[in-house]
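Survey of secondary and tertiary structure
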Amino acid sequence: MISNGQHGAPFHVLLHYSTPFTSPSLVSLRSPSCSSSKMLARLAANRFNEIRQIFRQPSRAFSTALNYQLDTPDNNPNLPWEFTDANKTKVKEILSHYPSNYKQSAVIPLLDLAQQQHGGWLPVSAMNAVAKIIEVPPIRVYEVATFYSMFNRAKVGKYHLLVCGTTPCMIRGSRGIEEALLKHLGVKRNEVTPDGLFSVGEMECMGCCVNAPMITVADYSNGSEGYTYNYYEDVTPARVVELVELLRKGEKPPPGTQNPRRIKGGPEGGNTTLLSEPKPPPCRDLDSC
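As the structure is a computational prediction, the values presented were derived from the model and not from experiment. (Residues numbered from 1 in each chain as written. Predicted model: local features only at pLDDT ≥ 70, side-chain atom pairs only at ≥ 80, totals over all residues. Heavy atoms only, no water.)

Examining the nonpolar core
In terms of nonpolar packing, the biggest core is built from 23 residues, with Leu 111, Leu 122, Val 130 and Val 141 touching the most fellow members. Mapped by element, the contributors of at least two residues to this core are α2 (85–95), α3 (107–117), α4 (124–134) and α5 (138–145). For Leu 111, the residues in contact, after removing those within four places along its chain, are Leu 122, Met 127, Val 130, Val 141, Val 144, Ala 145 and Phe 151. In this structure, Val 217, Tyr 232, Val 235 and Val 244 belong to the second largest nonpolar core, which totals 20 residues. (Core = buried A, V, L, I, M, F, W, Y, C linked by side-chain atoms within 4.5 Å. Buried < 20%, exposed > 50% of the residue type's maximum accessible area, 1.4 Å probe, protein only. Helix = DSSP H or I, 4+ residues; strand = E, 2+ residues; numbered from the N terminus. Contact = heavy atoms within 4.5 Å.)

Considerations on the confidence of the model for the chain
A residue-level look at the chain finds 80% of positions with pLDDT of 70 or above and a mean pLDDT of 82. Low pLDDT, under 50, characterises residues 1–32; the predicted model gives this stretch 56 contacts beyond four residues in sequence or across chains. Across residues 57–65, confidence stays below pLDDT 50; counting only partners more than four residues off in sequence or on other chains, it has 21 contacts. (pLDDT = per-residue confidence, 0-100.)

Digging into the pairing of strand β5 (residues 198–203)
Two faces, one strand: in a regular strand the side chains alternate between the faces of the sheet. Of all six residues making up β5, five are buried, and the element is well covered by its neighbours. In terms of strand pairing, strand β4 (residues 159–164) meets β5 through six bridges, oriented parallel. Bridging across to β5, Leu 161 finds its partner in Val 200. (Pairing = 2+ DSSP bridges.)

Examining α3
Taken as a whole, α3 has its buried residues at Val 107, Leu 110, Leu 111, Leu 113, Ala 114, Gln 115 and Gln 116. Taken together, the buried residues of α3 touch α2, α4 and α5. Just downstream of α3 lies Gly 119, where phi reads positive at about 80°.

Digging into the pattern of salt bridges
Working definition: two side chains of opposite charge can pair if their charged atoms are close together. Following the criterion strictly, the structure yields 14 salt bridges and no others. Linking Arg 189 and Glu 202 is a salt bridge whose minimum nitrogen-to-oxygen distance equals 3.0 Å. Here Arg 189 is found in the loop between α7 (174–185) and β5, whereas its partner Glu 202 is found in strand β5, with 13 residues between them in sequence. For Arg 189, a relative accessible area of 33% puts it in the partly exposed group. In this structure Glu 202 comes out as partly exposed when scored by relative accessible area, which is 28%. Put simply, Glu 245 and Arg 248 hold a salt bridge, and the shortest N to O gap is 3.3 Å. Residue Glu 245 and its partner Arg 248 are located together in helix α8 (residues 237–248), separated by three residues, close to a single helical turn. Glu 245 gets classed as partly exposed once you look at its relative accessible area, which sits at 26%. Salt bridges sharing common partners tie together Arg 175, Glu 178, Arg 189 and Glu 202. (Salt bridge = Lys/Arg side-chain N within 4 Å of Asp/Glu carboxyl O.)

Section: the pairing of β4
β4 sits mainly inside the fold: six of its six residues count as buried. Burial along β4 is two-sided: the face carrying Tyr 159, Leu 161 and Val 163 and the face carrying His 160, Leu 162 and Cys 164 are both buried. With five bridges connecting them, β4 and strand β6 (residues 214–219) associate as antiparallel partners. Residue Leu 161 lies in a different strand from β6, and its bridge partner there is Val 217.

Side note on unusual backbone geometry
Omega for the peptide link from Ala 212 to Pro 213 comes to -5°, which places this bond in the cis form. One can find Pro 213 in the loop between β5 and β6. One non-glycine residue, Lys 264, lies in the positive phi region at around 50°. If you trace the backbone, Lys 264 turns up in the segment after β8 (256–257). Positive phi outside glycine occurs at Leu 274, with the angle close to 55°. One can find Leu 274 in the segment after β8.

A look at α7
For α7, which comprises 12 residues, the first-to-last C-alpha distance of 17 Å matches the rise-based estimate of 16 Å (1.5 Å per residue) to within 8%. Those residues of α7 not exposed but buried are Ser 174, Ile 177, Glu 178, Ala 180, Leu 181, Leu 182 and Leu 185. Downstream of α7 by a residue or two, Gly 186 has a phi angle that is positive, lying close to 70°. (Expected span 1.5 Å × (residues − 1).)

Here's the deal with the sheet that holds β4
Spatially, β5-β4-β6-β7-β8 is the arrangement adopted by the five strands of the open sheet, whose pairing is mixed. In this open sheet, the two edge strands, each paired with only one partner strand, are β5 and β8. In terms of strand pairing, β6 meets strand β7 (residues 228–233) through six bridges, oriented antiparallel. The residue of β7 that forms the bridge with Asp 219 is Thr 228. Where α7 meets the sheet, its contacts fall on β4, β5 and β6, and the angle it forms with β4 comes to roughly 155°. (Axes fitted to C-alpha atoms, helices over the stretch in contact; angles between N-to-C directions.)

Laid out in structure tokens, this is it:
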């Protein structure tokens, strides 16, 4: 029951879910015959329509950090999964950072290591393996893996390209950057190219706004041994296409600013102020005051 703030009279909204993951449908909506209540009813109906449209979208339109598990032949709890011998050594090293009675604190670095080993995404069997290591119920690991966008719950390319979509990058043209990547690769967001090399996603603020727009390349081409996560800043639509082709050839383009007129986060063309060592502040003679 929701109260109408203007008249104090209640009206009722009844929601019905016929099947799981089915959008809610408005069964009945009764309100007093007043303009404010009718307006609120229209707003509620419009919101339900928006929700319905979201659920009608293909599953790949959602973030790769899926918050539910759909068993498939390559992603189900019956598949065996364990860390490699080399990564088992890393697991011991990670656990050594935490008290023995706080193993669960290692859940994020262990999930990250599992994702690197598994080619950039986390199957449910890998999460179960992590839960066994840190001695917690699997749901505790699922909660973490589905909360943080750094964990991918669906397959990604060996080179997972993430475009920053937050305001500074958006103002500087990040939408054009993403469009150039998707068009060049012939995929939609979060889809993987047929050769398995590339996928494109979006990430919120990467913390390098001074060099906007920017992308990140998560390189899973060599598993956890050769995993890198590099920023490419001051990019243009043409430059990101060049970066893709360099990666396709197996080259490793230097990260950082892609503007040759900038040095790291410095202004384009070099500094115009603060060209010498700053002078120290004058000492105050407190006795003369």
